[in-house]
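The residues making up each chain are set out below.
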There are 4 protein chains.
Amino acid sequence: MKFNIQSTISYAVSAPTTFIFNIHAIRSNSQKILTESLVLDPPLAVEEFSYNGGAGRFVRLKSEGNANFTINYSATVETNYAIIDQRQEFQTVPVAELDGDIIPFLFPSRYCQSDKLQKLAYTEFGSIENVYSKVLAITDWIYNNVEYRSGSTDSQTAALDTITDRVGVCRDFAHLGISLCRALSIPARYLTCYAYTLQPPDFHACFEAYIGGNWIVFDATRLVPLNSLVKIANGRDAADAAVASIFGNAMSQNIQVSCEVAQDDFTPFWYNDNLMNGLSLQ
Amino acid sequence: MKFNIQSTISYAVSAPTTFIFNIHAIRSNSQKILTESLVLDPPLAVEEFSYNGGAGRFVRLKSEGNANFTINYSATVETNYAIIDQRQEFQTVPVAELDGDIIPFLFPSRYCQSDKLQKLAYTEFGSIENVYSKVLAITDWIYNNVEYRSGSTDSQTAALDTITDRVGVCRDFAHLGISLCRALSIPARYLTCYAYTLQPPDFHACFEAYIGGNWIVFDATRLVPLNSLVKIANGRDAADAAVASIFGNAMSQNIQVSCEVAQDDFTPFWYNDNLMNGLSLQ
Amino acid sequence: MKFNIQSTISYAVSAPTTFIFNIHAIRSNSQKILTESLVLDPPLAVEEFSYNGGAGRFVRLKSEGNANFTINYSATVETNYAIIDQRQEFQTVPVAELDGDIIPFLFPSRYCQSDKLQKLAYTEFGSIENVYSKVLAITDWIYNNVEYRSGSTDSQTAALDTITDRVGVCRDFAHLGISLCRALSIPARYLTCYAYTLQPPDFHACFEAYIGGNWIVFDATRLVPLNSLVKIANGRDAADAAVASIFGNAMSQNIQVSCEVAQDDFTPFWYNDNLMNGLSLQ
Amino acid sequence: MKFNIQSTISYAVSAPTTFIFNIHAIRSNSQKILTESLVLDPPLAVEEFSYNGGAGRFVRLKSEGNANFTINYSATVETNYAIIDQRQEFQTVPVAELDGDIIPFLFPSRYCQSDKLQKLAYTEFGSIENVYSKVLAITDWIYNNVEYRSGSTDSQTAALDTITDRVGVCRDFAHLGISLCRALSIPARYLTCYAYTLQPPDFHACFEAYIGGNWIVFDATRLVPLNSLVKIANGRDAADAAVASIFGNAMSQNIQVSCEVAQDDFTPFWYNDNLMNGLSLQ
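Every value quoted in this text rests on a predicted model; they were computed, and no experiment measured them.

Draft legend 1. Molecular detail of the overall build of chain A. Of regular secondary structure, chain A possesses 4 helices and 15 strands. Taking 2.2 N^0.38 as the reference for a compact globule, 282 residues should give roughly 19 Å; the C-alpha atoms of chain A span a radius of gyration of 19 Å, in line with that estimate. Along the first, second and third principal axes, the C-alpha set of chain A runs to 60 × 40 × 35 Å. By residue count, 59% of the 282 residues in chain A fall in the buried class. Residue pairs in contact within chain A that sit at least 24 positions apart in sequence constitute 77% of those at least 6 positions apart.

Below you can see the structure in the form of structure tokens.
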């Protein structure tokens, strides 16, 4: 699939401020960047970096303040996701065989307190044998028990809040999904992305579970087809993949995000319990 | 300094169980392993691994269960810490100049909810200019306001609990120190270690703050001199550096830890506000 | 029913300490005290009191400390519970018609954060029309989703913890039941009691929901028949009905509780969805 | 002092809804209502009630919905507060001598988790001998460590949040003050009121501590003089004294509150460490 993605964010900066943005599409085996451009107004020196254990292209810049500034990113990206038959995944990859770099995605994190949810996870989902079906059951449970409501939560909301409050946004749905997977010893990680057909247009978040050696995408919000995603970053949770981290004093003025298909045909891919096909975008 | 360290842990294993142990001394510029041995009884295949973004030598093994088993690790380690004058550290390394791999240590984590403690941190410590003095003030505040009591907390206790409950163990003291540093945009990480003169002998935990390009060691418990440490691992918090992670069903039967100096002389190094010397063990 | 109840608690008192005990059986329309005795060793002046809005006979005494002391309460109590047909209770008593003294049992309290559980309660139980069936469904849900494990929680554990941790004791089962009722605008209150056939013998806690003008007893633990209870106190939650409140410095040494039937016959009363009979002990 | 108070609240009611309002000035030894009027538009049957253990005049009414409605309360109230010399209050009234009805104000409540703050309270304030000075120190600590910011918290915010977040409104300042008093075995209760000179005009909340047999008023916000208050209700915390409790479906449209002196002279009363005078409005 080919997508044209774009995001524009503007700030009023009232003091010297360092920004870390996480809005670039990543490069991976299944995601190729055909063209991209980054425009800053006013122009500022920008540095791209990544860090160990995270998959994301962070850009960092510093504004001296007392000015507005706008960052605009646009790209044409080709995604080649894999569809993987999940019927045979009758058990989790044993921890004894997990690659070392996968292990941290079993650990609890700031917004995914999986260590507190083990009994709940086992009671609700422990008896399901097929791993894909198990994670799908988690995703369905979240969809059926948590209300999606814009603006209902904030940057401090974590999975434990969502379990009790039963309301949230895509970020919260993903955190709860990740937490329940880790509670069952299924590695899971956070995913931020652009998403075609998302209404209203915005950045989106969902999660990936590690099943049979592949990272399979799940979205408990059911807001978009899974093959509409253009990946920005993976991380343990939102703490690793914030769209913007601000060190100083700046107020966001405006955010515009768009994601369109760059070709005529688009056949949406949705889950299907009967087909048992998982989508991977590694 | 030369130290002889040893740890022995035994389990009753009632089902097939995978263990991940984090008890080896790490190799680094300032820590050299002269000899080491790992003995398992009964003998089991063991694999050593590490993961991106973590500094630790994890060993993984699998017991088929219905048996006891004991892991014994011993080593002679030479540490060459640096003493660094902190008088000139009048500001934090700007985020704009931090190496990418340092950035994650600014993020909140499972047991260090720094995002919730920013106002508290600024109110209490924001006015202190010298960064080393600032972290030392954090360390003193914890020592003076939190009671050290063995067994008072558990593996789910996080910094927010310690701020209200005001009681904990070395792990909790470290988590609170890390949280308050990150709340002030000072990178901070968790440290597990063996510690000479620790009474009763056990594994120990403290934290490191990133000041002037060096990771400086701080210990809010004041239980041991800072140059008595032999480092096992660094991580974002205890979620990254658990002594043992157990996937299956095993009960710990016995833990023995020892750390002795392998030479005659040992001059303890303690903080000293006047000297303003920081100890680094990178 | 006639019951012989008894409780003996002994303390080592190391400083002048005031105790408030809440171990007496209450007098009510449905509970008559035939005989009772309170023995203190050494003898201390004791004062009985109650407070507005609470149903309990508190006794207060002061030990000068540096001594052991033992309180022993025993009584023969006759209970005359009512069995009330619940088939017609098709809606909650409207708040507009509730007696003023019932209203506070709609409010959230220390251990019953009903304000945080409204969506959960409506999602799980909102569609059930008959009020008694609704509270029975809450009780069953707790029984099926929360593990009863002695010593798994402490005096600070509240309903929000139980919702996530899914483990607790009778106190926690009651707090969660109360919270879910209040979240659905059903008045609910905490109940402490002696309980015949409880194993191991101890004080017990369950809850009452206000249905059709009567306080109906529910016990999500299913540990004892409902007609085995001898009521000690009602309150908003355990904060109002602690067995012992200690102001000073005393260590509990030993607790013995017993509750036996004082007659030959005892026909246990359990819930029965078909019969739809509720038990009231007002 | 004579005050003219008034409050007007209007709602859009979309379904049959029962309202419980808590906006009337209470009658007490120190507060006399000279005139008052309650106007409902459209007119609805209204019932006044109170409940055991609470001091407040609640009014209850039911709207059939699909209509707007407005409640307007106005009154002229004379307050006769007492000024009590606190220099001799060298210890808390012993629990052994407290009237039974005072005891519940020692217990933790929904928004005042005093059981979790005992060590913090003792560390910070335990050494202060004079009880009034102790509560004044608590009040000053809150003023100095918690930022007052309108809209920063919501109806679920409790003292434990305020201890970590260090931001809140009058309600949160009161809850934290109450919690710290109870943690030190000083009975404390919540107070809602009208307040002369409060800017912007609104309902106000502060707290009372039981010192030397009197309920002394404290206000950690320092927003208004203590003799500017007209009391609406007391309770364990905001759960007992919400301005409006809504059972149904109604949206608040507008709230207007005013409190003016009905006489020429008004001499503001503020705390004064030197004078050690406490104000009581029982």
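Still more ground to cover, so stick around.
Draft legend 2. Representation of the domain arrangement of chain A within the structure. All names here are of chain A. Here the domain parsing of chain A yields domain 1 (2-80 + 247-260) and domain 2 (82-240 + 267-280). For domain 1 versus domain 2, the distance between C-alpha centres works out to 25 Å. Contacts between the two partners involve 27 residues from domain 1, matched on the other side by 19 residues from domain 2. Together domain 1 and domain 2 conceal approximately 1,500 Å² of surface at their shared face, both sides included; 61% is due to carbon and sulfur atoms. Together, Phe3, Val257 and Cys259 form the three largest contributors to the area buried by domain 1 at its contact with domain 2, with a combined 31%. Counting across the domain 1 and domain 2 interface gives 6 residue pairs in polar contact (both at pLDDT 80 or more). Within the residue set of the side of domain 1 that touches domain 2, elements represented by two or more residues are strand E1 (2-21), strand E4 (55-56), strand E6 (67-79) and strand E14 (244-261). Across the side of domain 1 that touches domain 2, the residue classes break down as 14 nonpolar, 11 polar and 2 charged.

Draft legend 3. Fine view of the interface of chain A and chain B. The partner chain B presents 34 residues to the 34 residues of chain A that form the contact. Carbon and sulfur atoms make up 56% of the surface buried where chain A meets chain B, a total of about 2,900 Å² over both sides. Taken together, the links from chain A to chain B amount to 4 salt bridges. The closest approach of N and O atoms between Asp240 of chain B and Arg236 of chain A, which form a salt bridge, is 2.7 Å. Summed over the shared surface of chain A and chain B, the number is 12 residue pairs in polar contact (both at pLDDT 80 or more). If you list the elements that add at least two residues to the side of chain A that touches chain B, you get E1, strand E3 (46-49) and strand E5 (58-63) of chain A. Here the residues of the side of chain A that touches chain B sort into 14 nonpolar, 10 polar and 10 charged.

Draft legend 4. Summary view of the interface of chain D and chain C. Counting residues at the interface gives 34 residues for chain D and 34 residues for chain C. Across the chain D to chain C interface the summed buried area is about 3,000 Å²; carbon plus sulfur atoms make up 57%. It is Arg60, Phe107 and Arg110 of chain D in chain D that bury the most area against chain C; as a group they hold 19% of the surface buried on that side. Our enumeration of links across chain D and chain C arrives at 4 salt bridges. With its nearest N and O atoms 2.9 Å apart, the salt bridge here joins Asp115 of chain D to Arg110 of chain C. On the surface where chain D and chain C come into contact, there are 12 residue pairs in polar contact (both at pLDDT 80 or more). Where the side of chain D that touches chain C is concerned, the elements lending two or more residues are strand E1 (2-21), strand E3 (46-49) and strand E5 (58-63) of chain D. Here the side of chain D that touches chain C is built from residues that sort into 14 nonpolar, 10 polar and 10 charged.

Draft legend 5. Just the packing of aromatic side chains, in detail. By the definition in use, this model includes 84 aromatic pairs over all chains. Taking the centre distance of 5.0 Å and the plane angle of 85° together, the rings of Tyr196 of chain B and Phe266 of chain B count as edge-to-face. A residue pair is termed long-range when its members are at least 10 positions apart, and Tyr196 of chain B in the loop between strand E10 (188-195) and strand E11 (204-211) and Phe266 of chain B in the loop between strand E14 (244-261) and strand E15 (277-280) qualify at 70 residues. Ring geometry for Phe218 of chain B and Tyr271 of chain B: centres 5.4 Å apart, planes at 25°, overall stacked. Note that Phe218 of chain B is positioned in strand E12 (residues 214-218) and Tyr271 of chain B in the loop between E14 and E15, a separation of 53 residues in sequence. Given a relative accessible area of 23%, Tyr271 of chain B falls into the partly exposed group. Taken together, the ring pairs connect Tyr11, Phe19, Phe21 and Phe69 of chain A into an aromatic cluster.

Draft legend 6. The arrangement of the chains, seen in detail. Separated throughout, chain B and chain C approach each other most closely at a C-alpha pair spaced 11 Å apart. Spatially, chain A and chain D are disjoint, and the shortest separation between their C-alpha atoms is 11 Å.

Draft legend 7. Region of interest: the pattern of salt bridges. Residue and element names in this part refer to chain C. Summed over all chains, the structure comprises 56 salt bridges over all chains. Arg222 is the salt-bridge partner of Asp140, the closest N and O atoms lying 3.1 Å from each other. Taken together, the residues Asp140 in helix H2 (residues 131-145) and Arg222 in the loop between strand E12 (214-218) and strand E13 (229-235) connect sequence positions 82 residues apart.

Draft legend 8. How the structure looks around empty space enclosed by the protein. One pass over the structure, following the stated rule, counts 2 cavities of 30 Å³ or more. A volume near 50 Å³ is recorded for the largest cavity. Considering the residues around the largest cavity, the lining is formed by 13 residues, among which Ser109 and Arg236 of chain C together with Ser109, Arg110 and Arg236 of chain D are closest to the centre. If you go around the second largest cavity, the residues you meet are Pro108, Ser109, Arg110, Arg236, Asp237 and Ala239 of chain A together with Pro108, Ser109, Arg110, Arg236, Asp237 and Ala239 of chain B.

Draft legend 9. Structural context of the relation of the copies chain D and chain C. With an RMSD of 0.0 Å, the operation that places chain D on chain C is a rotation of 180° combined with a shift of 0.0 Å along the axis. Each copy turns onto its partner about a two-fold axis. Across chain D, the smallest distance between a C-alpha and the rotation axis is recorded for Arg110 of chain D, namely 1.9 Å.

Draft legend 10. Main features of the nonpolar core. Ile5, Phe21 and Tyr194 of chain B together with Ile5, Phe21 and Tyr194 of chain D are the most contacted members of the largest nonpolar core, which has 174 residues in total. Discounting chain neighbours no more than four positions away, the residues touching Phe21 of chain B are Ile9, Tyr11, Arg57, Phe58, Val59, Leu61, Phe69, Ile71, Val243 and Ala244 of chain B. Counting residues in each nonpolar core, the second largest holds 173 residues, with Trp141, Ile178 and Val230 of chain A together with Phe125 of chain C among its members.

Draft legend 11. Region of interest: the environment of Asp165 of chain B. Relative to the helices and strands, Asp165 of chain B is located in helix H3 (residues 159-165). For Asp165 of chain B and Phe90 of chain B, which are 75 residues apart along the polypeptide, the C-alpha to C-alpha distance reads 33 Å. Among residues more than four places away in sequence, those in contact with Asp165 of chain B are Lys116 and Lys119 of chain D. Polar side-chain contacts of Asp165 of chain B include one of 3.2 Å to the side chain of Thr164 of chain B.

Draft legend 12. Main features of the side chain of Thr157 of chain B. Residues and elements named next belong to chain B. Residue placement: Thr157 occurs in the loop between strand E8 (147-148) and H3. Residue classification places Thr157 among the buried residues on the basis of a relative accessible area of 10%. Among the polar contacts listed, one links the side chain of Thr157 to the backbone nitrogen of Asp154, at a separation of 3.0 Å. Apart from the residues within four sequence positions on either side, Thr157 is in contact with Tyr111, Thr162, Arg171, Asp172 and His175.

Draft legend 13. Broad picture of the environment of Thr153 of chain C. Residues and elements named next belong to chain C. The residue Thr153 is located in the loop between strand E8 (147-148) and helix H3 (159-165) in this model. A relative accessible area of 23% means that Thr153 is categorised as partly exposed. Through-space distance from the C-alpha of Thr153 to that of Asp165 is 9.8 Å; in sequence the pair is 12 residues apart. Sequence-distant contacts of Thr153, defined by excluding residues within four places in its chain, comprise Val167, Gly168, Val169 and Asp172.

What counts, and at which threshold
Counting restarts for each chain, with residues numbered from 1 along the sequence as it is written. Ligands are numbered from 1 and chains lettered from A, in the order in which they are written. Local features in a predicted model are, by the rule used here, given only for residues with pLDDT of at least 70; side-chain atom pairs are given and counted only at 80 or more, and totals for whole chains, interfaces and linings are based on all residues. Each side-chain value is derived from all of the structure's non-hydrogen atoms; neither hydrogens nor water enter the calculation. A run of H or I in DSSP becomes a helix once it reaches four residues, and a run of E becomes a strand once it reaches two; helices and strands are each numbered from the N terminus. As a reference, a globule follows 2.2 Å times the number of residues to the power 0.38, and the radius of gyration itself is taken over C-alpha atoms. Relative accessibility thresholds used throughout: buried, under 20% of the residue-type maximum; exposed, over 50%; partly exposed, between the two (1.4 Å probe, protein chains only). Contacts are assigned to residue pairs that have any heavy atoms within 4.5 Å of one another. For every domain, the bounds stem from an assignment made automatically or drawn from a database. Summed over both partners, the accessible area lost on bringing two parts together, with a 1.4 Å probe, is the buried area. Within 3.5 Å is the distance limit for a polar contact, defined as a pair of N or O atoms, with the added protein rule that one can donate a hydrogen and the other accept it, and that residues adjacent in sequence qualify only through two side-chain atoms. Three residue categories are used. Nonpolar comprises Ala, Val, Leu, Ile, Met, Phe, Trp, Tyr, Cys and Pro, charged comprises Asp, Glu, Lys and Arg, and polar comprises the others, including Gly. When a carboxyl oxygen of Asp or Glu is within 4 Å of a side-chain nitrogen of Lys or Arg, the pair counts as a salt bridge. Two rings from Phe, Tyr or Trp (for Trp, the six-membered ring) form a pair when their centres sit within 6.5 Å of each other. Planes less than 30 degrees apart are called stacked, planes more than 60 degrees apart edge-to-face, and all others tilted. Within this scheme a cavity is a closed region of a 1 Å grid, computed over the protein atoms alone, that accommodates a 1.4 Å probe without allowing it to escape, whereas a pocket is open but has protein on both sides within 12 Å along at least five of seven lines; lining residues each have an atom within 4 Å of a point. Grid points are joined across faces, edges and corners, and a volume is the space filled by probe spheres set on the points. In this comparison the copies share one frame, found by least squares on the C-alpha atoms of residues holding pLDDT of at least 70 in both. In this text, buried Ala, Val, Leu, Ile, Met, Phe, Trp, Tyr and Cys residues form a nonpolar core when linked through side-chain atoms within 4.5 Å.

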